[in-house]
Amino acid sequence: MMDFTVKQLVKDFSLDVVAGEEGLVKIITEPQLSRPGIELAGMFDFYEHNRLQLFGSKEATFFKRLTENQQVSRVDKLFRKQPPAFLFSKNAEVSDVIKNAGNEHGICVLKSNERTSALASELWPYLTAKLAQRQSFHATLLNINGIGVLIRGESGIGKSEVALELVRNGHQLVADDRVDLYEREAGTLIGEAPDVLKHYLEIRGIGVVDVVKLFGAQAFKEDQTVMLVVDLVDFDKQIDEDRLGIENRKEKLINTWVPHAKIPITAARSASMLVEVAAMNLRLKLFGTDMAKDFSESLNKAIESNAKKAKKNKGN
Amino acid sequence: MKERTFVIKNPAGMHARPATKLVTLANHFKADVFIRYEDHQVNMKSVMGVLSLGIHGGSTITVRADGDDEEEALDAIEDLLRDFNMP
């Protein structure tokens, strides 16, 4: 995984670098934020110096009330531990003492146009996504009516062709051929395309296709929660498959269990239609309707009524 | 062509799980395999066919296999039915 630098944060959040430009190369490793109010009051026992330090107007105002000596010594303590950066929200004034410390220690002092609470709530999902472990999978990821479907299968089985047909039918491509997955939180698996491959599908006989140019902006989605894994496999009579779909099979990706379907492919079966129906089936299940279970229950009723009939006939 | 008759002992009858296992097994063989229950006979390689019978516990079924590996097919089916506490 690539290191995540302060420079990237500055770019993505359009921040101003007020001081300590040398610190742009520093690496952020923790997704949590620290608001160092208690440290400014003089207690450093719990100083979370590995985290990005966020100053709101609360911290900035309190800072102004300190004596000059206190200001210098506490800021020195804050910077000496080499946190990744200091970030000031819209209404937090950056004092000269802090600017000087930033330049002296080579740590960025950054300024945002956003208010503290907005900034904090945006930073958390952004940093967890950026810092999560990513794993690449040989697969294709689509958004089919809100269901993220990860399509796997051997090279040449037709994953990209399935994707092309589904996108033509109004669904969205997320990534083709290589999907990078990470867990935004436990149990939530997010997939996205590597930057170079974004928008692109490779179709044998045609070449590389940009789905946004071909089908319009709605044909692509930046990232998507993976909710279903579909394996496209060669048709094989002997395969041990779940013929009725009553087993609710799951597959573990990274640390998350995801519903799993195995779809055998033959010339007579439209793979893209089958993938679409698999997604619809899962959607129904999420709405509380399990068609296979309903079928199985009505079957059991039929067996029961046959048994009663047989008993009655014996009695006669 | 060979036939064997079984009495389904399991009181739950031929519900979805054993039926799908049985059909998967039947598909392993080249022989045509049929299952008869009361007045109906269906292809044992078809899930919906077998389930349509609604075979209940205590009933009698006849399995008929026709092909080179008919003997093996019937043996395997007998074993599987025994695993399910069926025959």
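Conventions adopted
- Residues numbered from 1 in each chain as written.
- Chains lettered and ligands numbered in written order.
- Predicted model: local features only at pLDDT ≥ 70, side-chain atom pairs only at ≥ 80, totals over all residues.
- Heavy atoms only, no water.
- Helix = DSSP H or I, 4+ residues; strand = E, 2+ residues; numbered from the N terminus.
- Buried < 20%, exposed > 50% of the residue type's maximum accessible area, 1.4 Å probe, protein only.
- Contact = heavy atoms within 4.5 Å.
- Areas by Shrake-Rupley, 256 points an atom, 1.4 Å probe, with all protein chains shown as cover.
- Buried area = accessible area lost by both parts, 1.4 Å probe.
- Salt bridge = Lys/Arg side-chain N within 4 Å of Asp/Glu carboxyl O.
- Polar contact = N/O pair within 3.5 Å; in protein donor to acceptor, adjacent residues only side chain to side chain.
- Nonpolar A, V, L, I, M, F, W, Y, C, P; charged D, E, K, R; others polar.
- Domains from an automatic or database assignment.
- Expected span 1.5 Å × (residues − 1).
- Arc of directions from axis to C-beta.
- Pairing = 2+ DSSP bridges.
- Axes fitted to C-alpha atoms, helices over the stretch in contact; angles between N-to-C directions.
- Phe/Tyr/Trp six-rings, centres within 6.5 Å; stacked < 30°, edge-to-face > 60°.

## What to know about the overall build of chain A
Across its full length, chain A carries ten helices and 17 strands. Once the C-alpha set of chain A is aligned to its principal axes, its extents read approximately 105 × 60 × 30 Å. Sorting the 316 residues of chain A into buried and exposed places 45% on the buried side. Across chain A, the fraction of contacts at a sequence separation of at least 24, relative to all contacts at a separation of at least 6, is 68%. On chain A, roughly 17,100 Å² of surface is accessible, and the fraction owed to carbon and sulfur atoms is 49%.

## Some points on the interface of chain B and chain A
In this complex, chain B contributes 20 residues to the contact, which on the side of chain A involves 16 residues. The contact between chain B and chain A buries some 1,500 Å² in all, and 62% of this surface belongs to carbon and sulfur atoms. Seen at the junction of chain B and chain A, the total is zero salt bridges. Here chain B is connected to chain A by two residue pairs in polar contact (both at pLDDT 80 or more). Elements with a contribution of two residues or more to the side of chain B that touches chain A: helix H1 (16-26) and helix H2 (47-52) of chain B. Looking at the side of chain B that touches chain A, the element that brings in the most residues is H1(B), giving five residues. Along the lines of polarity and charge, the residues of the side of chain B that touches chain A split into ten nonpolar, eight polar and two charged.

## Here we look at the pattern of salt bridges
Under the defined criterion, the tally for this structure stands at 21 salt bridges over all chains. The salt bridge involving A:Asp195 is made with A:Lys198; its shortest N-O contact spans 2.9 Å. For B:Arg82, the salt bridge goes to B:Glu78, with nearest N and O atoms at 3.5 Å. Note that B:Arg82 and B:Glu78 are positioned in helix H3 (residues 70-83) at a spacing of four residues, about one turn of the helix. Under the relative-accessibility criterion, B:Arg82 is labelled partly exposed at 49%.

## Looking at the domain arrangement of chain A
As far as domains go, chain A holds domain 1 (6-131) and domain 2 (134-294). Centre-to-centre, using C-alpha coordinates, domain 1 of chain A lies 42 Å away from domain 2 of chain A.

## Thoughts on H3(B)
All names here are of chain B. Under the 1.5 Å per step criterion, the end-to-end length of H3 is 20 Å for 14 residues, consistent within 8% with the ideal 20 Å. Buried within H3 are the following residues: Glu 70, Ala 73, Leu 74, Ile 77, Leu 80 and Leu 81. Projected down its long axis, H3 shows its buried positions confined to an angular sector of 125°, all on one face. Remark: Asn 85 follows H3 within two positions and exhibits a positive phi of approximately 60°.

## Examining the sheet that holds strand E5 (residues 108-111) of chain A
All names here are of chain A. Taken in spatial order, the five strands line up as E1-E5-E4-E3-E2 in an open sheet, and their pairing is mixed. The sheet is open, and its two borders are formed by strand E1 (16-19) and strand E2 (33-34), each paired with just one other strand. Examined bridge by bridge, E2 and strand E3 (residues 52-55) share two bridges and lie parallel to one another. Residue Leu 33 lies in a different strand from E3, and its bridge partner there is Leu 52. Along the sheet, helix H5 (residues 96-105) contacts E1, E3, strand E4 (85-88) and E5; its crossing angle with E1, the most-contacted strand, is approximately 90°.

## A short note on the packing of aromatic side chains
The way to describe two aromatic rings as a pair is by their centre distance and the angle between their planes. Residues and elements named next belong to chain A. Per the stated rule, a full pass over the model turns up six aromatic pairs over all chains. An angle of 65° between the planes, with centres 5.8 Å apart, marks the rings of Phe 4 and Tyr 126 as edge-to-face. Here Tyr 126 lies in helix H6 (residues 116-131) and Phe 4 lies in the segment before helix H1 (6-12), a separation of 122 residues in the sequence. The two residues Phe 4 and Tyr 126 agree in class, both being buried. A connected cluster of aromatic rings, assembled from ring pairs, spans Phe 55, Phe 79, Phe 86 and Phe 88.

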